[in-house]
Amino acid sequence: RSATTTEQLDTSRLSLSWTWKSPTPPSPAWKGTARWDAYSYIRNNKSMRAYDRAFNISSAGNQLFVASSAESAVIALDTADGNENWRAFASAPVRIAPTYDAGKVYFGSDDGTIRCVSAGDGAKLWSYRANPSSKLIPNDGHFISLYPCRTGVMVQSGKAYAGFGLVPWKASYLSSVDANSGKQLYKTTLNVGNALGHTLEGALLSTNDRIFAPQGRISPVSFNLSNGVRQARLEGGGGAFAIVTNDGKLLTGPGFGNSSFAKSRKNFIQETNANNLSAIVRHADAHAVLATASTFIFLIKDKIRAVTRNGGATRWLGSLEGANTLALAGTTLFVGGKNRVIALDSSNGNELWTSVVNGEVHSLAIANGKLFASTSSGNIYCYQ
């Protein structure tokens, strides 16, 4: 989940190929911001669960896979023209970008189920529930499970992983299943005994031996990849953003402090050693980051700031209103913001290309010579 690819797009030739428009806009799990956090004694919180304000997307081959929170489905679009190839329905919103692996597409839903379908035609191959209960509750115009999957499905070395749960006083689960059959390999039950207060929300990510699960209002938690044993809750604040760098640094957030730290509630990104879980530094004001071998590129309100990883000196500073998300293709940095997506030279911040869109860009995907941008209005734009 690095948001980087070695693929290089030619911005001098990049133009709009097609636009797909959902009949219904996205339906985020958590709208707006919380006015009061009684747990941390903080008012006017910034959002820490802004992971599905647009339809999250992923692409492989000649298809774009759309996680629809409005239509409770994964929709596969042909990347040549934006026409729908197939859709695989759930019975509640799908929030995290579908995962593609070896001709299969994996996704989780608020109905408490993860599913595996054929990438070719969307035919169901298997499904899995961590909790067998079929009880549903009303939630913002939908009926959802008490144990929704809001982590998506992570696939690694023939195994699929997902988290399930809604509130910290009910059971939550981390499960591993065989990626081909859906057979359960392990299930860790949380919020019982001494393991209390977990709310797994946001895409899972991993190293060779650990799983990291964001938790929304509180800091992420680490699990043993091979057996699911809970290891530790990390330092820092909450948020649903997380990446692991190639040199083993975990960057998570955006936290906003607590009753004793950062009472101004400025966002920050926590940097942690992913191998031993030791905290390194808090990067103040930032709410997202992209990492290269030599540079951190932070989003700070309406600014894009590139700093050296050795010393933190500013390399360049750019701007984009409502800057939300980053993706790096070769040497070109793409940034999604309010009504615009732009391309910058990652070495100096010079603007190379821009396009006007409808809504705030919250999700970007790059594959096979194409850039895809998904917005809060329910529109998806393809450039090539």
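Going by the structure above, here's the rest.
Residues numbered from 1 in each chain as written. Predicted model: local features only at pLDDT ≥ 70, side-chain atom pairs only at ≥ 80, totals over all residues. Heavy atoms only, no water.

**As for the sheet that holds strand β12 (residues 124–129)**
Hydrogen bonds between backbone atoms are what pair the strands of a sheet, whose relative direction is either parallel or antiparallel. Test applied: The pairing criterion is simple: DSSP has to find at least two bridges between the two strands. Helix numbers and strand numbers start at the N terminus; a helix is a DSSP run of H or I with at least 4 residues, a strand a run of E with at least 2. To define axes, lines are fitted to C-alpha atoms, for helices over the stretch in contact only, and angles between the resulting N-to-C directions are given on a 0 to 180 degree scale.
Across the sheet, 4 strands lie side by side as β9-β10-β11-β12; this open sheet has antiparallel pairing. Strand pairing shows two members of the sheet lacking a second neighbour, β9 (99–101) and β12, which therefore form its edges. Neighbour-to-neighbour, the strand axes of the sheet open up by a mean angle of 20°, direction not taken into account. In this structure, β9 lies alongside strand β10 (residues 104–108), joined through 3 bridges in antiparallel fashion. Of the residues in β10, the one forming a bridge with T99 is Y106.

**Thoughts on the state of the cysteines**
Our working definition: We call a pair of cysteine sulfur atoms a disulfide when they lie within 2.5 Å. In this scheme, a residue with accessible area under 20% of its type's maximum is buried, one over 50% is exposed, and one in between is partly exposed, where area comes from a 1.4 Å probe on protein chains only.
Here the structure, examined in full by the defined rule, presents 0 disulfides. C149 provides the cysteine sulfur closest to C116, a residue in no disulfide bond, and the two sulfurs are 14 Å apart. Judged by its relative accessible area of 0%, C116 is buried.

**Concerning the sheet that holds strand β31 (residues 325–329)**
Spatial ordering of the open sheet is given by β1-β31-β32-β33-β34-β35-β2, a layout of 7 strands whose pairing is mixed. For this open sheet the edge positions go to β1 (4–5) and β2 (16–21), each flanked by a neighbour on one side alone. Relative to strand β35 (residues 379–383), strand β34 (residues 370–375) runs antiparallel, the two sharing 4 bridges. Across the sheet, the residue bridging to F372 is C382, located in β35.

**Quick word on the side chain of T79**
As a reminder, the rule being used: By definition in these notes, contact holds between two residues if any of their heavy atoms fall within 4.5 Å.
Note that T79 resides in the loop between β7 (73–78) and β8 (84–89). If sequence neighbours within four positions are ignored, T79 has contacts with W18, S59, G61, N62, Q63, L64, K370, F372 and C382.

**Here we look at the nonpolar core**
For clarity, the threshold we go by: As used here, the term nonpolar core means buried Ala, Val, Leu, Ile, Met, Phe, Trp, Tyr and Cys residues forming a set that is joined through side-chain atoms within 4.5 Å.
By size, the foremost hydrophobic cluster in this structure holds 18 residues, and its most contacted members are Y106, I114, W126, Y128, V153 and F164. Within the residue set of this core, elements represented by two or more residues are β11 (113–118), β12, β16 (159–164) and β17 (172–178). Looking at this core element by element, the count peaks at 3 residues for β16. With near-sequence residues (within four places) excluded, Y106 lies in contact with P98, T99, D101, R115, C116, W126, V153, V155 and A179.

**A closer look at the pattern of salt bridges**
We apply this condition: Salt bridges are defined by distance alone: a side-chain nitrogen of Lys or Arg within 4 Å of a carboxyl oxygen of Asp or Glu.
Scanning the model with the defined rule gives 13 salt bridges in all. For R95, the salt bridge identified is with D52, shortest N-O distance 2.7 Å. Residue R95 is located in the loop between β8 and β9, and its partner D52 is located in the loop between β4 (42–43) and β5 (57–60); the two are separated by 43 residues in the primary sequence. When its relative accessible area of 2% is taken as the criterion, D52 is described as buried. Across the salt bridge formed by D110 and R95, the nearest N and O atoms sit 3.0 Å from each other. Here D110, found in the loop between β10 and β11, pairs with R95, found in the loop between β8 and β9; they are 15 residues apart in sequence, far enough to count as distant.

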